[in-house]
Amino acid sequence: MPSHVVIGGGVNGLSVAWHLAERGADVVVLDKGRIGGGASGIAGGIVRNYYRSEPITGLVRMSVEMFEEDPEAYGFRQVGYMAAVPERQVDDLAAIRDQHERAGYESELVTGADACREYLTWRWPDWEAPVEAVLHERRGGWADSMQTVRRLAERARAAGAEIREGVEVTGFDPGAVTTAAGRVECETVVACPGPWVEPMWRLLGLEPVVEVDGERRPLVTYIKAQEGEFALEGAGLSGSAGAEAPVVHLDQAGPLRSDRDGRVLVDGPWGIYFRMGRTGTGITGGGLPVYLGGPPLDPYGPDNPEHAADPGFTDFFTSGLATALRRFRGRAGDWRVTAAGGLLTHTPDDYPVCDWVAPGVYAIVDSGHGFKTLAIGRLVADDLDGGEPLLEPFRLGRFASGALHVASQGPYPWT
Ligand SMILES: Cc1cc2nc3c(=O)[nH]c(=O)nc-3n(C[C@H](O)[C@H](O)[C@H](O)COP(=O)(O)OP(=O)(O)OC[C@H]3O[C@@H](n4cnc5c(N)ncnc54)[C@H](O)[C@@H]3O)c2cc1C
């Protein structure tokens, strides 16, 4: 049986390791820190099939099926997912609804301002934001990020994979990776470095650059996702329908005015996403990504001030909530907030890369969708065995050939 070293103990690396080990391969996962120490451990864990590019629709459906097989183990809350959007995004939602139909993934589309208002006020009588379309995926929701990481690690170990934490890969030799703790021999390497893709490319002797439309562009752009936990005395997300509120993704044509002082915070399209907090109280959500050029990657997470949410994020997010639901209006001074940020990478078309990148080295280049694409590990394991047609649209060569994924009209690179 072939032997593999998987670099990275995030959701991508652990999912690949599990599915390779399950096929009987010898698998060693190496992580320079601890499992979940990268983007996977701090993600909001939202799971939705809200993508304008068709090839990812089936992959997300497969991922949702993985969560559905074992929801408690992953900490998966299948509360549903609603995207509510303005006029310019109605065509996107109609196209995504058709994609769902073709992929066998149930969803419901509501169009027209009045019908949307009726749909939303049925759940939240004080819904305010004007929208022209709502796409409701009842199979979506959110997963506890560290619980998902631990579950994947458990499955990988149970299938026979070995996970070594605190082991940094520092180089590549033919038939082995080098680490401070010595060489680890293997036939193939699967690199799943999350945000550390640029240093990984350099270790491989590759330039982290791709050609897009004849122009040299960075393989990845660094984005700071801004998220937080928000609590307001006497006002949460519960509505008249009783059940736990679905995850909501609200986009607006703009501008966004501050609920604190009426100032224009965003003079154009904007969006937020929000859900109930982990304990069933409060609100967890985010929006307004910040593009960063070459930020320091280590230490990763809350200990690095450059990864933290910007000072204006709280006003932005709570003003967005006040636009959505009347109960939050005029309460700007009352919120208790723990804001956080997190660094992630996006490729030039905002979709991941799954491909051979050097002799014996396969890579997953993350583009910020790891929980929604949890099943990628299974497909990559198939790919290593000889080619997986579902991954053809995710090859590196798509940038040079112009076969990029379709972009949505949304304000941010999430869809
Ligand atoms: C704030 C935030 C919110 C997010 N919200 C969502 C969401 O709601 N839904 C969703 O689907 N996605 C979300 N994402 C994106 C998601 O977190 C990522 O797509 C996913 O975690 C990427 O997983 P990964 O395994 O590729 O990378 P990571 O989880 O970053 O794992 C990479 C691992 O590689 C290790 N590593 C790197 N270099 C080396 C080396 N040289 N040697 C050994 N080990 C190495 C690192 O230590 C790290 O543990 C969010 C991301 C952030 C930051």
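Predicted, not measured: the structure shown is a model, and the values here were computed from it.

Cut-offs applied
Position labels on residues start from 1 in each chain and follow its written sequence. Predicted model: local features are reported for residues with pLDDT of at least 70 only, side-chain atom pairs are reported and counted for 80 or more only, and whole-chain, interface and lining totals are derived from all residues. Hydrogens are left out, water is left out, and the side-chain values use all remaining heavy atoms of the structure. Whether two strands pair depends on DSSP finding at least two bridges between them. Helix numbering and strand numbering both begin at the N terminus, where a helix is a DSSP run of H or I of at least 4 residues and a strand a DSSP run of E of at least 2. By the criterion applied in these results, polar contacts are pairs of N or O atoms within 3.5 Å in which, for protein atoms, one can donate a hydrogen and the other can accept it, and in which residues neighboring in sequence qualify only through two side-chain atoms. It only takes one pair of heavy atoms within 4.5 Å for two residues to be counted as in contact. Where helices are involved, their axes are fitted lines through C-alpha atoms of the stretch in contact, as for all axes, and angles between N-to-C directions lie from 0 to 180°. To count as a disulfide, a pair of cysteine sulfur atoms needs to be within 2.5 Å. The rule is simple: take the accessible area with a 1.4 Å probe, protein chains only, and divide by the maximum for that residue type; under 20% is buried, over 50% is exposed, in between is partly exposed.

A. Representation of the sheet that holds strand 4 (residues 76-77) in the model. With antiparallel pairing, three strands are arranged side by side in an open sheet as 3-8-4. Unpaired on one side and paired on the other, strand 3 (46-47) and strand 4 mark the two borders of the sheet. Where strand 3 meets strand 8 (residues 141-143), two bridges bridge the pair, whose relative direction is antiparallel. Bridge assignment links Ile 46 to a residue of strand 8, and that residue is Trp 142.

B. Representation of the side chain of Ser 15 in the model. Assignment of secondary structure puts Ser 15 in helix 1 (residues 11-22). Among the polar contacts made by the side chain of Ser 15, one reaches the main-chain carbonyl oxygen of Leu 374 at a distance of 2.8 Å. The residues touching Ser 15, leaving out its near neighbours within four places in the chain, are Leu 152, Leu 374, Gly 377 and Arg 378.

C. Region of interest: the sheet that holds strand 11 (residues 176-179). Within the open sheet, the three strands sit side by side as 10-11-12. Their pairing is antiparallel. Two strands close off the open sheet at either side, each with one partner strand: strand 10 (169-173) and strand 12 (182-185). Strand-to-strand, the axes of this sheet are offset by a mean angle of 30°, without reference to chain direction. As judged from the four bridges shared by strand 11 and strand 12, these two strands associate in the antiparallel manner. Paired with Thr 179 across the bridge in strand 12 is Gly 182.

D. Structural detail: the pairing of strand 15 (residues 215-218). Strand direction decides the pairing type here: strand 14 (residues 209-212) and strand 15, joined by four bridges, are antiparallel. Bridge pairing links Val 210 to Arg 217 in strand 15. Connecting the antiparallel pair strand 14 and strand 15 is a turn made up of two residues, with Asp 213 showing a positive phi of about 50°.

E. Spatial organisation of the state of the cysteines. On inspection of all chains with the given rule, the structure shows zero disulfides. Distance from the sulfur of Cys 354, which forms no disulfide, to the nearest cysteine sulfur (Cys 192) is 8.7 Å. The class of Cys 354 is buried, set by a relative accessible area of 0%.

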